[in-house]
Amino acid sequence: MGDRENVYSHSPVPSVASFDDSTQPGFTLSDISSLKSASSGSEQSLDKISMNYNLNDTEKKLKHVGFLIDEMRDTELTYINALTDVTKGYISRLRGDKASGFTAEVIKDAFVNIEVILQFHEKLHAQLLTCDHNHHLVAQLFLNKINILTEMYIQFCSAFPKSLDKLEKLHHSEPSKSALEQCQRELGHIFPVEEYLHRAVQRFLKYPLLFKDMAKKLVALDGHDIVKEALDKLLVTALKINSVKRVQELQATELIGWKGSDLLLMGDLLLEDSFKVLGAKDPRYMFLFKKVFSVDKEEGIRRFFCVQKRNFNRRYHP
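All of these numbers come straight from a predicted model, not from anything done at the bench.

Take the layout of surface pockets next. Roughly 620 Å³ of volume is contained in the largest pocket. Lining the largest pocket are 23 residues, with S158, A159, F160, P161 and K162 sitting closest to its centre. Of all the secondary-structure elements, those providing two or more residues to the lining of the largest pocket are α2 (104-111), α4 (135-171), α6 (193-217) and α7 (224-254). Of the residues forming the lining of the largest pocket, the biggest block, nine residues, is contributed by α4. Here the lining of the largest pocket is composed, by residue class, of nine nonpolar, six polar and eight charged.

Shown next as structure tokens:
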């Protein structure tokens, strides 16, 4: 809706003489009746303008929600095309190529569950098209799919660092290096396959942003509750994904002295903070997992306190 021009103009201020009763004709009863009728008509017109303005404002918000649904569908198709390149351009060509070192186990380690993710999103895109611009149906669709979405992407994100390690090794050894480069050339890709795998993480984190924008536009409108419910569910999964990514960073680069079990087995990272210790120069760093409470020094882990559901164990790592 474009900017409205100011249609109001200021009338000149009447002079004192204009209010002189001797120079003005008196009002009759019919004049007063006409004024009341005109005033009533003006009020009704203002009410209609107000109603039309509110209706247009609602339509504007719903139109914006429609644009967001269009964006979701368009970017979904772009994502599907990227995953199709990975599955058909890489996996299908490399599967069974034992001469290049691509055994079934290597394929699984390198590409995780990307084929399953592709199949899911192809169906999701088709279902999004049937929803048209109905935000109720779109939200309900994601509520129905949230459990499998969560399981699928947590599995992918948990294995993604190992996938990158495996692909890096394949890029640095022959003949697997040549096989990967050949696939990239045939697809006409500028970037290696790792870039396209990384889009899986980015894609899921896009959904909460789109639903957040929809929820903002639908405040006080029909359908806001179900869209907000879908948003809340997606945010829970997004937090879990970010937790997995953060734990992987900790284990890979920050907790250098760590010799315990895989931190991903310790549950979600619930809290991360630092605090001062009386008499100590350096601060301590605290990591609270679902099953473990860890206190560390800056140069690497020194003490590890394992808190389990049934009992408490204290382990010391020199």
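Next comes the rest of the description.
Time to look at the packing of aromatic side chains. Two aromatic rings are characterised by how far apart their centres lie and by the angle between their planes. According to the stated counting rule, one finds five aromatic pairs in the structure shown. Each ring, one from Y153 and one from F204, has its centre 5.3 Å from the other, and the planes form 45°; the classification is tilted. With Y153 in helix α4 and F204 in helix α6, the pair connects residues that are 51 residues apart, well separated along the chain. Summarising the burial analysis for this pair, Y153 and F204 share the class buried. Through pairs of rings, three or more aromatic residues link up here, namely F142, Y153, F204, Y207 and F211.

Our next topic: the nonpolar core. Judged by nonpolar contacts, the single largest core of 62 residues is most densely connected at F111, I114, F142 and F211. At the level of elements, α1 (29-94), α2, α3 (114-131), α4, α5 (176-187), α6 and α7 are the ones that each hand at least two residues to this core. The biggest single contributor to this core is α4, with 14 residues. Ignoring anything within four residues of it in the chain, the contact list for F111 reads V86, Y90, I91, S163, L167, V193 and L197. Formed by eight residues, the second largest nonpolar core is a distinct cluster that contains L250, F287, F289 and V292.

Next up on the list: the environment of E229. You can see E229 is positioned in helix α7. A relative accessible area of 40% means that E229 is categorised as partly exposed. Along the primary structure E229 and A215 are separated by 14 residues, whereas in three dimensions their C-alpha atoms are 9.6 Å apart.

This part covers the confidence of the model for the protein. Mean pLDDT over the protein stands at 78; residues scoring 70 or higher make up 73%. Considering each helix and strand of the protein separately, the mean pLDDT is smallest for strand β5 (residues 312-316), with a value of 38, and largest for α3, with 97.

A separate point is α3. Its 18 residues give α3 an end-to-end C-alpha distance of 26 Å, which sits within 8% of 26 Å, the value for a rise of 1.5 Å per residue. The set of residues buried in α3 consists of I114, I117, L118, F120, H121, L124, H125, L128 and C131. Seen end-on, α3 carries its buried residues on one side only, within an arc spanning 165°. Counted as exposed and oriented over 90 degrees from the buried face of α3: K123 and T130. Note on α3: the residue one or two positions beyond its end, D132, has a positive phi of about 55°.

Right, let's get into the side chain of N113. Locating N113 in the fold gives a position in the loop between α2 and α3. With residues up to four places along the chain from it excluded, the contact list for N113 reads M152, Q155 and F156.

On to a positive patch on the surface. On the surface, a cluster of positive charge is contributed by K60, K212, K216 and K217. Here the positive patch gets three residues from one element, more than from any other, and that element is α6. Looking at the element boundaries, K217 is found in helix α6. With a relative accessible area of 31%, K217 lands in the partly exposed category.

Another aspect to go through is the pattern of salt bridges. Summed over the entire model, instances satisfying the criterion amount to seven salt bridges. Residue D57 pairs with K61 through a salt bridge whose shortest N-O separation is 3.7 Å. Here the residue D57 and the residue K61 both occupy positions in helix α1, the gap between them amounting to four residues, near one helical turn. Overall, the relative accessible area of 28% leaves K61 in the partly exposed class. A salt bridge links D232 to K228; the nearest nitrogen and oxygen atoms lie 3.0 Å apart. One end of the pair, D232, and the other, K228, are both in helix α7, four residues apart, so they sit about a helical turn from each other. Its relative accessible area of 34% is what places K228 among the partly exposed residues.

Each value, and the rule that gives it
- Residues numbered from 1 in each chain as written.
- Predicted model: local features only at pLDDT ≥ 70, side-chain atom pairs only at ≥ 80, totals over all residues.
- Heavy atoms only, no water.
- 1 Å grid on protein atoms, 1.4 Å probe; cavity = no way out; pocket = protein on both sides within 12 Å on 5 of 7 lines; lining within 4 Å.
- Points joined across faces, edges and corners; volume = space filled by probe spheres on them.
- Helix = DSSP H or I, 4+ residues; strand = E, 2+ residues; numbered from the N terminus.
- Nonpolar A, V, L, I, M, F, W, Y, C, P; charged D, E, K, R; others polar.
- Phe/Tyr/Trp six-rings, centres within 6.5 Å; stacked < 30°, edge-to-face > 60°.
- Buried < 20%, exposed > 50% of the residue type's maximum accessible area, 1.4 Å probe, protein only.
- Core = buried A, V, L, I, M, F, W, Y, C linked by side-chain atoms within 4.5 Å.
- Contact = heavy atoms within 4.5 Å.
- pLDDT = per-residue confidence, 0-100.
- Expected span 1.5 Å × (residues − 1).
- Arc of directions from axis to C-beta.
- Patch = residues over 30% accessible without salt bridge, like charges linked within 9 Å, V, L, I, M, F, W, Y side chains within 5 Å.
- Areas by Shrake-Rupley, 256 points an atom, 1.4 Å probe, with all protein chains shown as cover.
- Salt bridge = Lys/Arg side-chain N within 4 Å of Asp/Glu carboxyl O.
- Lys, Arg positive; Asp, Glu negative; His and termini not counted.
- Charge placed at Lys NZ, Arg CZ, Asp CG, Glu CD.

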